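Okay, here's what each chain looks like letter by letter:
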Amino acid sequence: MAASSFDDPASLVPHPERGAILAEVHARPFAPLETPRRLLHFAFMTDSRQAAADRVALSRFCAERGVPGPLDDAKHHRVRFGETSLRWEQHSEFTTYSWELPGTEATPFLPPTGALPHGMRGLPQPGPHLVAADLHLMPVAAEPDLGALFDPASLAASLVDNGGAIAATDFRAGADGFVRILVLDRELTPARAGALAQRLLEIETYRTLALLGMPESQRIGPSVRRAEETLVRIAGTMTQTDGLAADHALLDEMTALASRLEAEAASSNYRFGASRAYDNIVQQRLVAIGEQGHDGWPTISAFLARRMAPAMRTCQMLQERQADLATKLARAANLLRTRVDVALEQQNRDLLAAMNERTRLQLRLQQTVEGLSVAAIAYYIVSLFGYLAKGAKDSGWLKIEPGLATALFVPVALLGVWAAVRRIRRGHGEG
């Protein structure tokens, strides 16, 4: 590491990530907005390949119009095309385009909202389309009838930014595909108007992304319910003693169930975790806009709490059910494995007892054979001794009868053979 001194801060060796960390708090700054303005906001789901292709397409789009494109490592880019400007942002799994147009019309949400003005076309869709919002920033002097402009059954309207503006929306996609958001400027500065518009668009974007967990919960809900029912059946069957083969079959079924559950949890945990994170961002943005009630309509946060919170609780509940089911399944599998191990130990004990009995019988048989062997060997030895005695008698060496000598030799032969066999067996035992 190069030498550095506190006397010259510029010579200090920086941490490799210091620049990125310092720049993070300045990422995606609020752009000031002059009233009246109109913003057409789009969000597309993009993976890494689609995001890279989108960056190339935007760079080419900007180069064709003589304006700078995004840097290679940039996550956001703002560029102006005459009276129109574009704000582009790339996130981990989605990309947003926000077109800022003049809002000179006195009546909000007039066409063209279904098509971009000439000169803004030519960008390919980067991925599956998810969000389209049409936000009008207008002076409060032109306040329309909100009940006639939006669906009264879904209308949410609030005083926001410490009473500096009125924000209203019904969160419904119109015939043109846009969710309409009206912001009536009471006393906003351009900086406050830009921050408020961006936060309202983020609320619409992130509440839609958060609700992506709901279809996932509906998809895996029946599977989780079937897994719970299967586990109850297996647990009930475990109370019966049907033998080791039945326990092995139950263990195989439980292992297959655990594998399916883990696969589903792996595929859904990311979506549920992302939904929870997006919902937290929505709640933060709702706090940031500083809502107050307006003209008796529900506030935006109250409307979303009534409609969005149940969906988030459903996703959370299903994720908890998956985790709880996995815990119960692991516990039941351990109990069943213990029962299988105990049954195997009992089988091993019975097998060892049978082996002991066979060994004992073999030992007794061996002892019987040894006794017979002593008699047989002694018989052959006595027979040989008888021939020797007859020969000795005939040659005059033996003075007594061979039969008597042979009879006297029988105990000696038996004792000798028995002693020799015992010595051999003792030698084998010591070995």
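Residues numbered from 1 in each chain as written. Predicted model: local features only at pLDDT ≥ 70, side-chain atom pairs only at ≥ 80, totals over all residues. Heavy atoms only, no water.

**Examining the pairing of strand E6 (residues 156–160)**
Taken across its five residues, E6 has five buried, putting it largely inside the fold. Side chains of E6 alternate between two faces, with Ala156, Ser158 and Val160 and Ala157 and Leu159 buried alike. Bridge count for E6 against strand E7 (residues 165–173) is five bridges, and the pairing is antiparallel. Along E7, the bridge assignment pairs Ser158 with Ala167. Between the antiparallel neighbours E6 and E7 lie four residues, among them Asp161 with a positive phi of about 55°. Note that E6 and strand E9 (residues 292–293) share two bridges and pair antiparallel. Bridged to Ser158 within E9 is Gly293. (Buried < 20%, exposed > 50% of the residue type's maximum accessible area, 1.4 Å probe, protein only. Helix = DSSP H or I, 4+ residues; strand = E, 2+ residues; numbered from the N terminus. Pairing = 2+ DSSP bridges.)

**Regarding helix H2 (residues 48–64)**
For H2, spanning 17 residues, the distance from its first C-alpha to its last is 25 Å, which sits close to the expected 24 Å at 1.5 Å a residue. Within H2, burial applies to Gln50, Ala51, Asp54, Arg55, Ala57, Leu58, Phe61 and Cys62. On its buried face, H2 is in contact with strand E1 (37–45), strand E2 (76–81), strand E3 (84–90) and strand E4 (94–102). Here H2 starts with a cap whose side-chain oxygen sits 3.2 Å from the backbone nitrogen of Arg49, and that cap is Asp47. One or two residues past the end of H2 sits Gly66, with phi positive at roughly 75°. (Expected span 1.5 Å × (residues − 1). Contact = heavy atoms within 4.5 Å. Polar contact = N/O pair within 3.5 Å; in protein donor to acceptor, adjacent residues only side chain to side chain.)

**Some details on the nonpolar core**
Here is a general trend for soluble globular proteins: nonpolar side chains tend to be buried in one another's company. Grouped together as the largest cluster of nonpolar side chains are 35 residues, with contacts concentrated most on Leu135, Val183, Leu196, Leu200, Ile300 and Leu304. Contact partners of Leu200, with chain neighbours within four places excluded, come to Leu135, Ala167, Ile181, Val183, Ile289 and Ile300. One finds Ile220, Ile234, Cys315 and Ala333 within the second-largest nonpolar core, a separate group that totals 19 residues. (Core = buried A, V, L, I, M, F, W, Y, C linked by side-chain atoms within 4.5 Å.)

**A few points about unusual backbone geometry**
Pro36 follows Thr35 through a cis peptide bond whose omega is 0°. Its place among the elements puts Pro36 in the loop between helix H1 (18–24) and E1. With phi around 55°, Asn162 is a residue other than glycine that occupies positive phi space. Looking at the element boundaries, Asn162 is found in the loop between E6 and E7. Look at Asp295: it is not a glycine, yet its phi comes out positive at around 55°.

**Observations concerning empty space enclosed by the protein**
Taken as a whole and judged by the stated rule, the model has one cavity of 30 Å³ or more. Computed from the structure, the largest cavity encloses a volume of approximately 60 Å³. Around the largest cavity, the lining residues are Thr169, Phe171, Val179, Ile181, Leu200, Ile203, Glu204 and Ile300. Residue assignment for the lining of the largest cavity shows that the elements contributing at least two residues are E7, strand E8 (179–185) and helix H4 (190–210). Ranked by the residues each element gives to the lining of the largest cavity, the list is headed by H4, at three residues. Residue composition of the lining of the largest cavity, grouped by class: six nonpolar, one polar and one charged. (1 Å grid on protein atoms, 1.4 Å probe; cavity = no way out; pocket = protein on both sides within 12 Å on 5 of 7 lines; lining within 4 Å. Points joined across faces, edges and corners; volume = space filled by probe spheres on them. Nonpolar A, V, L, I, M, F, W, Y, C, P; charged D, E, K, R; others polar.)

**Brief notes about the UniProt feature "transmembrane region" (unreviewed entry) in the chain**
UniProt feature "transmembrane region" (unreviewed entry): in the numbering of this structure it lies at residues 368–388 and 400–421. Secondary structure within residues 400–421 divides into 91% helix and 0% strand; the distance between the first and last C-alpha atoms comes to 31 Å. (UniProt positions renumbered as here; feature names shortened; annotations may be inferred.)

**Quick word on the side chain of Arg37**
Structurally, the position occupied by Arg37 is in strand E1. Here Glu83 takes part through its backbone oxygen, which lies 3.4 Å from a polar atom of the side chain of Arg37. Aside from chain neighbours lying at most four places away, what touches Arg37 is Arg80, Glu83, Glu100, Leu101, Pro102, Gly103, Leu135, His136 and Leu137.

**Structural notes on the sheet that holds E1**
Reading across from one edge, E2-E3-E4-E1-E5-E8-E7-E6-E9 is the order of the nine strands in this open sheet, with mixed pairing throughout. One side of each edge strand has no neighbouring strand; the edge strands of this open sheet are E2 and E9. As judged from the seven bridges shared by strand E5 (residues 129–139) and E8, these two strands associate in the parallel manner. Opposite Leu137, over in E8, you have Val183 as the bridge partner. Along the sheet face, H4 touches E1, E3, E4, E5, E6, E7 and E8 and points at about 155° away from the line of E5. (Axes fitted to C-alpha atoms, helices over the stretch in contact; angles between N-to-C directions.)

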